[in-house]
Amino acid sequence: MTRVVGQEFVVHLFAPSEGPHAAEAAHALRTVWQECRRQFNMNEPVPGTWLPDVPPTEFEESVETDGGERTLAAQRHHTLGLQAVLRVHHDVLNLSVWCAAPPGTEAPEPWTWWRDLDRRWSRIVDRHAPYFLGEARLYFARLGDGPVSADPALYTELKGLLPDTAHGLSSAGVASPGGFALWETALEPDDRALRRFVVALTSEADEAASAWAWSDRGGTELPSLARYLLHAAKLRYQLLVWQRDSRARTLRATLESLSAGIRERRAAPGAKGGPATAQWAEQLAEHLADARILRSELDTLRRTVDIASVNLGRSFDLTGMLVPRGPFTDDRALARSMLERLDDELGYLSAAIDKAEQSAPAKRETPMSADDTSTADTSDRADRARNVFVVHGRDEFARREMFAFLRSIGLNPLEWPALRARGGNASPYLSEVIRGGLASAQAVVVLMTPDDIVRLHPDLSKRTAETLPSMQARPNVLIELGMALMTHPTGTLLLKLGEQRTISDIDGLNYIDLDDYQSCRQNIVSGLRAAGCPVDTMGTDWLSQGDFKGMVARMRRREEPPAPARSSRPAATSTSTAQSA
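First things first, this report covers the structure right here in the doc.

Procedures and definitions
Sequence positions are assigned chain by chain, starting from 1 and proceeding in written order. In keeping with the model being predicted, local features are shown solely for residues with a pLDDT of at least 70 and side-chain atom pairs are shown and tallied solely at 80 or more, while totals for entire chains, interfaces and linings include all residues. Side-chain measures here rest on the full set of heavy atoms in the structure, leaving out hydrogens and waters. Working definition: with a 1.4 Å probe on protein chains only, accessible area under 20% of the residue-type maximum means buried, over 50% means exposed, and in between means partly exposed. Only DSSP runs of H or I covering at least 4 residues are called helices, and only runs of E covering at least 2 are called strands; the numbering of each starts at the N terminus. DSSP-based pairing: two strands are paired if at least 2 bridges between them are found. Two residues form a contact once any of their heavy atoms are found within 4.5 Å. For helices, the axis comes from a line fit to the C-alpha atoms of the stretch in contact; other axes are also lines fit to C-alpha atoms, and the angle between any two N-to-C directions lies between 0 and 180 degrees. Between 30 and 60 degrees the pair is tilted, below 30 it is stacked and above 60 it is edge-to-face, where a pair is any two Phe, Tyr or Trp rings, Trp via its six-membered ring, whose centres lie within 6.5 Å. Take the far helix as the reference: if the near one is turned anticlockwise from it by less than a right angle, the crossing is left-handed, and if turned clockwise, right-handed. Any residue that is not Ala, Val, Leu, Ile, Met, Phe, Trp, Tyr, Cys, Pro, Asp, Glu, Lys or Arg is counted as polar, Gly included; the first ten are nonpolar and the last four charged.

With respect to the pairing of strand S14 (residues 492-496)
With five of its five residues buried, S14 lies for the most part within the structure. Here S14 shows two buried faces, one formed by Thr 492, Leu 494 and Lys 496 and the other by Leu 493 and Leu 495. Bridge count between strand S11 (residues 443-448) and S14: five bridges; the pairing is parallel. In the sheet register, Val 444 faces S14, and the bridge partner there is Thr 492.

Comments concerning the sheet that holds strand S6 (residues 174-175)
One open sheet holds the eight strands; their spatial order is S2-S3-S4-S1-S5-S8-S7-S6, and the pairing between them is mixed. The outermost strands of the open sheet, each flanked by one partner alone, are strand S2 (69-76) and S6. Judged from the nine bridges that link them, strand S1 (residues 4-16) and strand S4 (residues 92-100) form a sheet pairing that is antiparallel. Within S4, the residue paired with Pro 16 across the bridge is Val 92. In the packing of helix H4 (residues 152-159) onto the sheet, the strands contacted are S1, strand S5 (134-143), strand S7 (181-184) and strand S8 (194-201), and the crossing angle to S8 comes to about 115°.

Points about the packing of aromatic side chains
Taken as a whole, this structure holds eleven aromatic pairs when the rule is applied. Relative to Tyr 139, the ring of Phe 9 has its centre 5.5 Å away and its plane inclined at 50°; by these criteria the two rings are tilted. With a gap of 130 residues between them, Phe 9 in strand S1 and Tyr 139 in strand S5 connect regions that are remote in the sequence. For Phe 9, a relative accessible area of 1% puts it in the buried group. Between Phe 180 and Trp 212, the ring centres sit 5.2 Å apart and the planes meet at 45°, which makes this aromatic pair tilted.

Structural notes on unusual backbone geometry
That bond from Glu 188 to Pro 189 is cis: its omega, -5°, falls within 30 degrees of zero. Backbone geometry places Asn 41, a non-glycine residue, at a positive phi of 55°. Mapped onto the fold, Asn 41 is located in the loop between helix H1 (22-40) and helix H2 (59-66). The backbone of Trp 50 sits at a positive phi, close to 60°, despite the residue not being glycine.

With respect to the packing of helix H6 (residues 224-245) against helix H9 (residues 327-359)
Orientation of H6 relative to H9, taken along the N-to-C sense of each, is 35°, at an axis distance of 11 Å. Here the hand of the crossing between H6 and H9 comes out left-handed. Facing Leu 225, Tyr 228, Ala 232, Leu 235, Arg 236, Gln 238, Leu 239 and Trp 242 of H6, the residues of H9 in contact are Pro 327, Phe 328, Asp 330, Asp 331, Leu 334, Ala 335, Met 338, Arg 341, Leu 342 and Glu 345. Classifying every residue of the contact of H6 with H9 gives twelve nonpolar, one polar and five charged.

None of the figures reported here should be taken as evidence of function without further support.
Shown next as structure tokens:
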């Protein structure tokens, strides 16, 4: 029989900081924060963190002023092992809570700490659950003897100490390189918002487990497991929304029915249209507009799932932890399944839209014959599909070589002088030219070259790295990138060249590192094809056109800064298994 000598309880709660329910989510988090003070007597700041124990009045201001990751507040019980930390991570608010038995607590037989804390926590948080993206509860079991392995027999013993609500079809155990083991208590349903994990460890694994799940050496940054669970919560929340709101099948059937009806009426002997056909055409036009909006929404959903999937793998090294039926394997399989199903749904919906567009009567000011209309529409679509709007900075060499590459694969990168001349205005506003270029392009290529040396003023940040000089793309590139993501959310390719400062608002977007390897060119081709461009890779010229190797921006570096002054701020202290924030 395994001897349990201690239990701890950790929660990571995730809520949206943007979107239609952001205000309700922020209010819910404030309420939970206050309940932590009232129910657990967490009513003082955490020493060494230099953080307030009261959240800011408006979370929105914190999101807008930072945009990346920032710790907003931290509070604790003055003597017991109880702490709470509030953070914002890009577009997600995170509340993490740690509860440990007081030092010297006599071990009861059996331990009831998990059950008691889970029951108290549920009373605080369950009524707010509809406003959250997801929640993870971790039950830490400190064992008196080791080593710890992911043995099913060990989990069978530990699950008897769990709350009754935590039982289900559990995952396989995962052995961590840090010397502890983890199980998820239930792998179903796929869209579960509440996830529970059991973590077994001995004192030798204290530091590794704390850094992974709570705090690395007393810091307040989001730990790697919490970052992983955040992206997994986003993934499963998107699945929930998709399953709840999906109407692609119904809309597709309606388009096909209306299209078939209009074609039958046109093919009938002596058909001359009439009010009935016009009414069907009007209904088809309305449903076509709905279908195009839905396709755009599904495109955005797919991009969100794709980004979440990539970020799961970036959160920490999963080597050796992707075991069959394990929790991390389950997340990866869900992401892959969602992407495949979304691709299928988008493909079927696009096919239905194409058929409906062929059935819908064209609206033109000047009447044209059927042959002229078909030829003109086909030609216009083909020309636009080849157009690529290239966003670039001051690096003329990089721009020129990228244009050469795009032309070598049969596409038409839009030249700035030609775009200026299109509007018929001798002195157009730059924004007008950009909007016109975006409107006439099938895809957008954003060429991010390290053109500027930038740094944050020391008065605005205590992070030394932010106040040191670093490389960044030109401001116009960042502005036009934002415009492109609005107009072409699934048709914008981000190409990155050389060393550059991380930009919080786009951190997490997939990008292509621009180098001279064949895989880079193939990635660009794949992205443009996915955006709907008729890429031509017949022959081998496209593998050498455009001198990517000669782009000297890759070697461009920032100025060497003076050595930073040593900080006099004391380091945060740590206690017990999960180090204090």
